[in-house]
Amino acid sequence: MTTPTSADPAVTPYRDEQRRTLNVLRFAVVPGNAAVAGMVAVVSLLAKDMLGSDRLAGMGSAAFTTGAAITAIPLSAAMRRRGRRTPLAAALFIGAAGALVAATGGQLRWFWLFIIGMAFFGAGQSATLQGRYVAADLAPDPDRAKAIGAIVWIGTLGAVGGPILSPFEQDFGEWLGLDQYIGPYLFAAALFALSAVIYVFFLRPDPLELTGAVDPDAERSRPLLQVRRSYGEIRRSPGAMLGLIAMAGSQAAMVGVMTMTPPHMKDHGHSDLSAYVIAVHIVGMFGLAPLVGRFVGRVGAVRAIQYGAVVLGAGTVAAVVAGYVPAMIFLGLFLLGLGWNIGLIGGTTLLTASVPVSARVEAQGTGDLTLSLCGAVAAFASGFVKQGWGYHILADIATVVAGAILVYAWLTQARFRSAGVTPAA
């Protein structure tokens, strides 16, 4: 084991332990992302099939995103007391159980049971998201964005494979005598369970234990109190606040458009292409993450967030211009995913670096809570907007959100310059 040379875990390189942690994360995030992405490819289609309308077709996505939000704070509190390994595994097992409950609800056409299952499925999504924070635990400050990017990138293998395998999973479900869209949920349950097993047996030593960030006597989760305290820490730092807004805004814009893209394509006779559009979208979300991580490290997180907002807006504009042309939908969804990637990595890096080490885990939980709640609202509202005004209006709203992130980043950068302050990341 590497012996630290400094008492400050934020600057001490745990080279061997960090290398091992990143290797474990690489194996764990692939099945986790495959579970989420495979479900995303069919969730709105299954909901629409059950309800016969677009209006509430976003409720499945909203339910699992809400579940991820609800899980974020208790999960971060548990990790503060027990380290990363056991809480992450427990959340993934809960997500696996949720996938089976959702599959049962979909098969029986019990929409209420389907929604409950999707909410529990969100626990697995929350654990998958928080894998990027594990990558940053042992990384020295200059390499933090690079480490986060490396883990976001490796998730591409699962995130792209999930939608591509979705037709096979659907056929497998039908072979078992189940509804067309149920098969992917069975595979999602198995993949979440696999990811949990990897954490249980291989995430040793626990990164938080190494850095001394585990406090067994820490207060048990009191969500409202924890959110108030950690949000206070975030508000005290303009950089942390920008990181939070970049993460949450990018998530809302991306989820709203992505959720309604498969129904939009089905409306115009392109349902056979929707899984591949989602796969290309996910390549944008994860595929260039190593380059994005290096880019964030080179230009700084604040400027990277500005670029990310521009790319995000370009993707939503392309989706509007596309009309019914599948090729433009592919381009728009790719840019949408890439803009989200830059916003997520830039925002995560800035948030993590801008709060004290003692408040970092709780602030990360609050960040993911906000991110997930914004995604849930966007997913829920997307069906109403599409049905009432059209897919193009939904994409226009996402463009406005991207523009708001860009303006806030500019204002924050100007505030730093006027104060003569260099951002923490």
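How each quantity is defined
- Residues numbered from 1 in each chain as written.
- Predicted model: local features only at pLDDT ≥ 70, side-chain atom pairs only at ≥ 80, totals over all residues.
- Heavy atoms only, no water.
- Core = buried A, V, L, I, M, F, W, Y, C linked by side-chain atoms within 4.5 Å.
- Buried < 20%, exposed > 50% of the residue type's maximum accessible area, 1.4 Å probe, protein only.
- Domains from an automatic or database assignment.
- Contact = heavy atoms within 4.5 Å.
- Helix = DSSP H or I, 4+ residues; strand = E, 2+ residues; numbered from the N terminus.
- Phe/Tyr/Trp six-rings, centres within 6.5 Å; stacked < 30°, edge-to-face > 60°.
- Expected span 1.5 Å × (residues − 1).
- Buried area = accessible area lost by both parts, 1.4 Å probe.
- Salt bridge = Lys/Arg side-chain N within 4 Å of Asp/Glu carboxyl O.
- Polar contact = N/O pair within 3.5 Å; in protein donor to acceptor, adjacent residues only side chain to side chain.
- Nonpolar A, V, L, I, M, F, W, Y, C, P; charged D, E, K, R; others polar.
- Bend = angle between axes of the 7 residues up to and from the residue.

### A short note on the nonpolar core
Right, so step 1: Phe-114, Met-118, Phe-121, Tyr-185 and Tyr-199 are the most contacted members of the largest nonpolar core, which totals 119 residues.
Right, so step 2: A domain-level breakdown of this core finds at least three residues from each of domain 1 (13-205) and domain 2 (223-418).
Right, so step 3: Filtering out sequence-adjacent residues up to four positions away, Phe-121 remains in contact with Ala-35, Val-36, Met-39, Phe-64, Gly-95, Gly-98, Ala-99, Ala-188 and Phe-192.

### Remarks on the environment of Leu-92
Right, so step 1: For Leu-92, the location among the structural elements is in helix α3 (residues 85-108).
Right, so step 2: Each C-alpha atom of the pair Leu-92 and Ala-196 lies 5.5 Å from the other, and the pair is 104 residues apart in sequence.
Right, so step 3: Setting aside anything within four residues of it in sequence, one finds Leu-92 in contact with Gly-124, Ala-127, Thr-128, Phe-192, Ser-195, Ala-196 and Tyr-199.

### Observations regarding the packing of aromatic side chains
Right, so step 1: Across all of its chains, the model carries 10 aromatic pairs by this definition.
Right, so step 2: One aromatic cluster in this structure is built from Phe-168, Phe-172, Trp-175 and Phe-187.

### Re helix α6 (residues 183-202)
Right, so step 1: Over its 20 residues, α6 extends 29 Å from the first C-alpha to the last, a length consistent with the 28 Å expected when each residue adds 1.5 Å.
Right, so step 2: Looking only at α6, the buried set comprises Gly-183, Pro-184, Tyr-185, Ala-188, Ala-189, Phe-192, Ser-195, Ala-196, Ile-198 and Tyr-199.
Right, so step 3: Summarising the contacts, the buried residues of α6 are in contact with α1 (15-51), α3, α4 (111-137) and α5 (144-175).

### Quick look at the domain arrangement of the protein
Right, so step 1: Parsing the protein into structural domains produces domain 1 (13-205) and domain 2 (223-418).
Right, so step 2: For domain 1 versus domain 2, the separation of C-alpha centres amounts to 19 Å.
Right, so step 3: Taking both sides of the interface into account, the surface hidden between domain 1 and domain 2 amounts to around 4200 Å²; carbon and sulfur atoms contribute 68%.
Right, so step 4: Between the two partners, domain 1 and domain 2, sit 1 salt bridge.
Right, so step 5: Of the charged contacts, one joins Glu-362 and Arg-80 as a salt bridge, the two residues approaching to 3.1 Å between their closest N and O atoms.
Right, so step 6: Here domain 1 and domain 2 share 4 residue pairs in polar contact (both at pLDDT 80 or more) between them.
Right, so step 7: For the side of domain 1 that touches domain 2, the secondary-structure elements that each account for two or more residues are α1, α2 (59-82), α4 and α5.
Right, so step 8: Among the elements that line the side of domain 1 that touches domain 2, the one with the most residues is α5, at 13 residues.
Right, so step 9: In terms of residue class, the side of domain 1 that touches domain 2 is built from 23 nonpolar, 12 polar and 8 charged.

### Focus on helix α14 (residues 360-389)
Right, so step 1: For α14, with 30 residues, the first-to-last C-alpha span of 41 Å sits near the 44 Å given by 1.5 Å per residue.
Right, so step 2: Maximum bend of α14: about 30 degrees, positioned at Ala-381.
Right, so step 3: Once α14 finishes, Gly-390 follows within two positions and takes phi at roughly 110 degrees, a positive value.

### Points about unusual backbone geometry
Right, so step 1: The peptide bond linking Arg-204 to Pro-205 adopts the cis configuration, its omega dihedral lying at -5 degrees.
Right, so step 2: By the secondary structure assignment, Pro-205 is in the loop between α6 and α7 (207-211).
Right, so step 3: At Arg-109, a position not held by glycine, the phi torsion is positive, near 65 degrees.
Right, so step 4: Summarising the element assignment, Arg-109 is placed in the loop between α3 and α4.
Right, so step 5: Given the relative accessible area of 35%, Arg-109 is considered partly exposed.

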